[in-house]
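This is what each chain is made of:
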Amino acid sequence: MTRDAGEVAVVGGGPVGLMVACELALAGVAVSVFERRTERVQQSRALSLHPRSLEVLALRGLADRFMARGQRLPNGHYAVLETRLDFSVLETAFPFSLFIPQTVTEALLEERARELGVNIHRGHLITRLQQSPEEVHLEGTGGGGTFRAAARYVVGADGARSAVRTLAGIPFPGADATMSLVLGDVVLTEPLPHPALTLSSPKGVLLLAPLGDGIHHRAVVFDPERTKVPLSEPVTLEELARSVRAIAGTDFGMKTPFWLSRFGNETRHATTYREGRVFLAGDAAHVHLPAGGQGLNVGLQDAMNLGWKLVGVLRGLAPEPLLDSYQRERHPVGAHLLQNTLSQSALLHATHPEGQALRASVSKLLTLPAANRMLAEQIAAFDVAYPDPVLPAPPGMEAVPEVTGKRLPDFALRCEDGVTRRLYSLMHEGRWLMLRRPSAPHREPQAAPWGAWTSAVTAEPEGGPEELRPWQSLLVRPDGRIGYVARA
Ligand SMILES: Cc1cc2nc3c(=O)[nH]c(=O)nc-3n(C[C@H](O)[C@H](O)[C@H](O)COP(=O)(O)OP(=O)(O)OC[C@H]3O[C@@H](n4cnc5c(N)ncnc54)[C@H](O)[C@@H]3O)c2cc1C
């Protein structure tokens, strides 16, 4: 059987695959998602969307849907240290982490993908992949037999054990898990001393927080006595409760587990995010200890970075080498992610007396606003910038290293027609945006690709980052980052 894959085939219908598909379909690209599962999983691995992910969703007009289904948490954690990371100091419309189960995130992204006309083939497992100069050929099983499909590009968003990565011959070097941790979504029959509990002692590290459904709590345990238990060994409620009792002195009467699982600190990074017409995004490109709740978040940001570039090339709006900037921009972000989760892994592991002293010192350091902000920005993904321009500057504009590729917060703009609009509300279509001050000479970019791929607005910023004050015009990338500027 032959399946019509459209112009881009996305393998994997998890959060990252769905997000890439949405970005492509938004621009009218014909896109298909091939997902091996017939139904979404009911358990949520991720529970949080951090500030940059919320901005990414807001850039496409989707944040309200997520905000309506989640709960704002003004802080996050680093290695379950006692001093929390304070997101409230960040300059953003989203100075918090949104507590939202992964199942809800996936449901909302799938809803959006379907609205945009994405073809989602559930129960379709990709098993073969072959590239020709013009297309990528896929084969798999699904729909009661085998099937073939072809597309101009393939995005492998098929998770940590990515078949696409293997079939494209992309190495995935790194280290196997050296420790295992346990999680349980359970009912507590005794109250917690605080709404959420973090404890660290020589007996281990415990994180206990409400799951948001009014019924369950998520318990995550690092028990030094149990770290060598193989990941494949099933977790029992008694095992979890015993570890919790050892750390907290009580198991809070835990019962009726909805989900019990073991996870580890396997740390691997694809050597490249692109092999010809095949791209990797999300867990297919990077795996690590889920510390600080970052994997899904970074994956969504991979997806946005790749999406608009594929649109530009597929629509003939940008030259093909634009696609190489995906690797240039996102691979270092993946490397940085692995580095920060390894650092958290070491701190979690530090339950011996020297380690406890180290944890106490780092926790104390985090009471310093500058240190706290540095790690809060890291987890929020606000420390990401892309100083190298992705395309040659349009006539009359330049790429200024200090600001190129920096994220723009969602500031207000007093527009020519007298209406005040938010910057992000002008980016919902995923196009470049030319932002011109009323006093600026008329410099609408005409040269390809800019003319056909750029919306323009004349407006005076109300607020916005300090460093933008001197600029007359600003060309904003489709992902809300600074592209090019024109000086007065
Ligand atoms: C315990 C735990 C807690 C976590 N907490 C957080 C958190 O709080 N915040 C956070 O950001 N991240 C967290 N993560 C990480 C997060 O869950 C992942 O990073 C995220 O799911 C990655 O999304 P993805 O779409 O790349 O991959 P996946 O979610 O793994 O989706 C891949 C999809 O591809 C499909 N697939 C696989 N192979 C094929 C094939 N050959 N053909 C077709 N389909 C295929 C799979 O069925 C799956 O649906 C956590 C992870 C764990 C284990």
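Within any chain, residue numbers begin from 1 and follow the written order of that chain's sequence. Owing to the predicted nature of the model, reporting of local features is limited to residues with pLDDT of at least 70; listing and counting of side-chain atom pairs is limited to 80 or more, with chain, interface and lining totals taken over all residues. Side-chain metrics rest on all non-hydrogen atoms present in the structure, leaving aside hydrogens and water.

Overview of empty space enclosed by the protein
Right, so step 1: Note on definitions: the grid is 1 Å and covers protein atoms alone; a cavity is a set of points where a 1.4 Å probe fits but cannot get out; a pocket is an open set with protein on both sides within 12 Å along at least five of seven lines; lining residues have an atom within 4 Å of a point. Grid points are joined across faces, edges and corners, and a volume is the space filled by probe spheres set on the points. Per the counting criterion, the structure on display carries 6 cavities of 30 Å³ or more.
Right, so step 2: Along the wall of the largest cavity there are 15 residues; nearest its centre are R437, P461, L468, W471 and L474.
Right, so step 3: Helical segments are the DSSP runs of H or I of at least four residues, strand segments are the runs of E of at least two, and each set is numbered from the N terminus. Among the secondary structure elements, those contributing two or more residues to the lining of the largest cavity are β26 (432–436), β27 (454–462) and β28 (471–476).
Right, so step 4: Considering each element in turn, the lining of the largest cavity owes the most residues, 4 residues, to β28.
Right, so step 5: All amino acids are sorted into three groups, where Ala, Val, Leu, Ile, Met, Phe, Trp, Tyr, Cys and Pro are nonpolar, Asp, Glu, Lys and Arg are charged, and the leftover types, Gly among them, are polar. Here the residues of the lining of the largest cavity sort into 8 nonpolar, 4 polar and 3 charged.

As for the environment of S243
Right, so step 1: In this fold, S243 is placed in helix α6 (residues 237–248).
Right, so step 2: For S243, a relative accessible area of 6% gives the class buried.
Right, so step 3: Each C-alpha atom, one on S243 and one on V221, is 7.1 Å from the other, the two residues being 22 residues apart in sequence.
Right, so step 4: Residue contacts for S243: discarding those within four places in its chain leaves V221, D223 and R226. Partly exposed residues are those whose accessible area sits between 20% and 50% of the maximum for their type, while under 20% is buried and over 50% is exposed, using a 1.4 Å probe and protein chains only. Any two residues whose heavy atoms approach within 4.5 Å at even a single point are treated as in contact.

A few points about the UniProt feature "domain: FAD-binding" (unreviewed entry) in the protein chain
Right, so step 1: Under the present numbering, the feature "domain: FAD-binding" (unreviewed entry) in UniProt falls on residues 7–341.
Right, so step 2: In residues 7–341, the share of helix is 28% and the share of strand is 30%. The end C-alpha atoms are 36 Å apart. UniProt positions are given in the numbering used here, feature names are shortened, and annotations may be inferred rather than shown by experiment.

Some words on the site of the ligand
Right, so step 1: Here a residue is considered near a molecule or strand provided that any single heavy atom belonging to it is located within 4 Å of it. Taken together, 31 residues are adjacent to the ligand, and E35, R45, D283, L296 and N297 come closest.
Right, so step 2: What qualifies as a polar contact is a pair of N or O atoms within 3.5 Å, subject to a donor-acceptor requirement within protein and to the restriction that residues adjacent in sequence count only when both atoms come from side chains. The contact in question runs from a nitrogen atom of the ligand to an N or O atom on the backbone of G293, over 3.2 Å.
Right, so step 3: For the ligand, the protein covers 90% of the area, taking 1000 Å² as the surface of the free molecule.
Right, so step 4: Counting residues per element, the ones that place at least two in the shell around the ligand are α1 (15–26), β3 (31–35), β10 (124–131) and α7 (295–314).
Right, so step 5: Split into classes, the residues belonging to the shell around the ligand amount to 14 nonpolar, 11 polar and 6 charged. Areas reported here follow the Shrake-Rupley algorithm with a probe of radius 1.4 Å; residue values treat only the protein chains shown as occluding.

Things to note about the nonpolar core
The nonpolar side chains of a soluble globular protein tend to be buried with one another.
Right, so step 1: The biggest cluster of nonpolar side chains holds 106 residues, and the ones touching the most others in it are V8, L49, F66, V154 and W432.
Right, so step 2: Here the element with the most residues in this core is α7; it accounts for 10 residues.
Right, so step 3: An automatic or database domain assignment provides the domain bounds reported here. Per-domain counts for this core show at least three residues from each of domain 1 (2–47 + 101–174 + 268–349) and domain 3 (412–487).
Right, so step 4: Setting aside anything within four residues of it in sequence, one finds V8 in contact with L24, V29, A30, V31, S32, A151, Y153, V155 and L314. Nine residue types can take part in a nonpolar core, namely buried Ala, Val, Leu, Ile, Met, Phe, Trp, Tyr and Cys, and a core is a set of them joined through side-chain atoms within 4.5 Å.

Structural notes on the packing of α1 against helix α4 (residues 102–115)
Right, so step 1: Under this scheme, a helix contributes an axis fitted over its contacting stretch, all axes are lines through C-alpha atoms, and angles between N-to-C directions fall in the 0 to 180 degree range. Put simply, α1 and α4 touch, their axes get as near as 9 Å, and they point 25° apart. As far as their axial angle goes, α4 and α1 are roughly parallel. Like other packed secondary-structure pairs, α1 and α4 cross with a definite hand, here left-handed. Packed against α1, whose contacting residues are P15, L18, M19, C22 and L26, the element α4 presents Q102, E106, L109, E110, R112 and A113 at the interface.
Right, so step 2: When the residues that make up the contact of α1 with α4 are grouped by side-chain class, the tally is 7 nonpolar, 1 polar and 3 charged. Here the angle decides the label: under 35 degrees means roughly parallel, over 145 means roughly antiparallel, 65 to 115 means roughly perpendicular, and every other value means oblique. With the far helix as reference, a near helix turned anticlockwise by less than a right angle produces a left-handed crossing, and one turned clockwise produces a right-handed crossing.

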